[in-house]
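# Per-entry structural report
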Amino acid sequence: MAGHSSPKQGRSRRAYAIIAIVAALAFIAVVGIAQLTSGNKNASGKDPAQSGATSSASSEDHANNGAQASGNEGEWVRRDADDSAAIGDVNAPVVITEWTDPRCPFCAHFHNDILPELKKKYVDTGKVRFEFITVAFFGEQSAAAGAAMEAAGKQGKYREFSDALYAAAPEKGHPDLPEETLVKFAKTAGVEDIEQFRKDMNDQTLIDTVNDATAKAQQYYGIQAVPFFAASDGESAMRGAQPVENFSKFIDEQLTKAGAQ
């Protein structure tokens, strides 16, 4: 009868739901490993993620079953050719996703000092694509600035806007990012329609987009600090603005898994 599912269809839907749950739990386990393998505190008593002395993990034991069940790549991977919140070949064998907060000092350090080196070695050679997810871990100004990043993205300038924003970050602490400062970054980034940018950055829809991404990062994936990185294999995660050589090792492992090394 129309409108009713067969027992076989019902079983299939339940199976897919179970697969999705298993995959999510597997990735949460990997996130936990990435956030805890260096210990909870360093010698100064600060959380390692906030000091930059963070850790990484690639766990076959906890995540392999979930990754195999969920298919080819983690659900956070977009691979959209028109996505300005990304750099690199849309068909690159490896995608690294970063969760980033516009007021995070270690996110700024990564973008200013680490990402350019990785771009030369991996992105410009077509091996790796970086995709960025905007989150707000540091209050309302983070959400407002994140909405501004998304507003710039609507005009194809997410990456240029984030470059301008992070380049102006203070050496320590969280920057003050009022609206006029964000507009200045938009002009530096080459955003063409500044009035539309102002309208978009104050659009509750974009603010909600950032807040929803934050809630999903924290509650669904269990991400406790940024910057946080996940590989497209769905099995590997890395936390913090670590030295370039740590990122290179992490990426090389992903390229080997992908048969591209």
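The structure under discussion appears in the preceding block.
Report on the accompanying structure.

Now for the overall build of the protein. Tallying secondary structure elements over the protein gives 10 helices and 6 strands in all. Of all 261 residues assigned to the protein, the portion counted as buried reaches 46%. As displayed, the protein offers around 12600 Å² of accessible surface, 50% of which is attributable to carbon and sulfur atoms.

With that settled, consider the packing of aromatic side chains. What the rule picks out here adds up to 11 aromatic pairs. Considering the side-chain rings of Phe 161 and Phe 197, the 5.8 Å spacing of their centres and the 45 degrees angle between planes classify their relative orientation as tilted. Of this pair, Phe 161 sits in helix 6 (residues 158-167) while Phe 197 sits in helix 8 (residues 194-201), and the two are 36 residues apart along the sequence. The class of Phe 197 is buried, set by a relative accessible area of 0%. Chaining the aromatic ring pairs together yields one cluster made of Trp 76, Trp 99, Tyr 220, Tyr 221 and Phe 228. Note that Lys 216 overlies the ring of Tyr 220, its terminal NZ or CZ placed 5.5 Å from the centroid.

Relative orientation of the contacting elements helix 5 (residues 140-154) and helix 9 (residues 204-220) amounts to 115 degrees, with a least axis distance of 8 Å. If you check the angle between helix 5 and helix 9, you find them roughly perpendicular. Both helix 5 and helix 9 take part in a crossing whose hand is right-handed. Touching Ala 143, Gly 146, Ala 147, Glu 150, Ala 151 and Lys 154 of helix 5 are Leu 206, Ile 207, Val 210 and Asn 211, all from helix 9.

What follows deals with the nonpolar core. In terms of nonpolar packing, the biggest core is built from 65 residues, with Trp 99, Phe 130, Phe 161 and Phe 197 touching the most fellow members. No other element matches helix 4 (residues 105-123), which puts 9 residues into this core. Among all residues touching Phe 130, those that are not within four sequence positions of it are Ala 85, Ala 86, Ile 87, Ile 96, Phe 110, Leu 115, Leu 118, Val 123 and Ile 251.

This part is about helix 8. Among the residues making up helix 8, those that are buried are Ile 194, Phe 197, Asp 200 and Met 201. Projected onto a plane normal to the axis of helix 8, the buried residues spread over an arc of 120 degrees and lie on a single side. Along helix 8, exposed side chains directed more than 90 degrees from the buried face belong to Glu 195 and Lys 199. For helix 8, the secondary structure elements touched by its buried residues are helix 5, helix 6, helix 7 (179-189) and helix 9. Between the side-chain oxygen of the N-cap and the backbone nitrogen of Glu 195 there are 3.4 Å, and the N-cap of helix 8 in question is Asp 193.

Moving on, we get to unusual backbone geometry. A cis amide bond links Val 226 to the next residue, Pro 227, at an omega of 0 degrees. Residue position: Pro 227 is located in the loop between helix 9 and strand 5 (228-231). Located in the positive-phi region is Arg 79, a residue other than glycine, with phi close to 50 degrees. Inspection of the secondary structure assignment puts Arg 79 in the loop between helix 3 (60-70) and strand 2 (86-87). We classify Arg 79 as partly exposed; its relative accessible area is 25%.

As a further point, take the environment of Ala 144. Within the fold, Ala 144 resides in helix 5. Judged by relative accessible area, Ala 144 falls into the partly exposed class, the value being 27%. A sequence separation of 62 residues divides Ala 144 from Leu 206, and the C-alpha atoms of the two residues are 8.8 Å apart.

Quick look at the environment of Glu 195 now. Within the fold, Glu 195 resides in helix 8. Glu 195 sits in the exposed class, given a relative accessible area of 57%. Remark: the alpha-carbon pair of Glu 195 and Val 183, spanning 12 residues in sequence, is separated by 9.4 Å.

Taken as a whole and assessed by the stated rule, the structure comprises 11 salt bridges. Across the pair Arg 159 and Asp 163 runs a salt bridge, and its minimum N-O distance is 2.3 Å. Here Arg 159 and its partner Asp 163 are both found in helix 6, 4 residues apart, which amounts to about one turn of the helix. Looking at Arg 159, the relative accessible area reads 13%, which means it is buried. A salt bridge links Asp 233 to Lys 257; the nearest nitrogen and oxygen atoms lie 2.9 Å apart. Here Lys 257 lies in helix 10 (residues 244-257) and Asp 233 lies in the loop between strand 5 and strand 6 (236-239), a separation of 24 residues in the sequence. Accessibility expressed as a relative area gives 18% for Asp 233, which makes it buried.

Reading the values: rules and limits
- Residues numbered from 1 in each chain as written.
- Predicted model: local features only at pLDDT ≥ 70, side-chain atom pairs only at ≥ 80, totals over all residues.
- Heavy atoms only, no water.
- Helix = DSSP H or I, 4+ residues; strand = E, 2+ residues; numbered from the N terminus.
- Buried < 20%, exposed > 50% of the residue type's maximum accessible area, 1.4 Å probe, protein only.
- Areas by Shrake-Rupley, 256 points an atom, 1.4 Å probe, with all protein chains shown as cover.
- Phe/Tyr/Trp six-rings, centres within 6.5 Å; stacked < 30°, edge-to-face > 60°.
- Lys NZ or Arg CZ within 6 Å of the ring centre and 35° of its normal.
- Axes fitted to C-alpha atoms, helices over the stretch in contact; angles between N-to-C directions.
- Parallel < 35°, antiparallel > 145°, perpendicular 65-115°, else oblique.
- Left-handed = near helix turned anticlockwise from the far one by under 90°.
- Contact = heavy atoms within 4.5 Å.
- Core = buried A, V, L, I, M, F, W, Y, C linked by side-chain atoms within 4.5 Å.
- Arc of directions from axis to C-beta.
- Polar contact = N/O pair within 3.5 Å; in protein donor to acceptor, adjacent residues only side chain to side chain.
- Salt bridge = Lys/Arg side-chain N within 4 Å of Asp/Glu carboxyl O.

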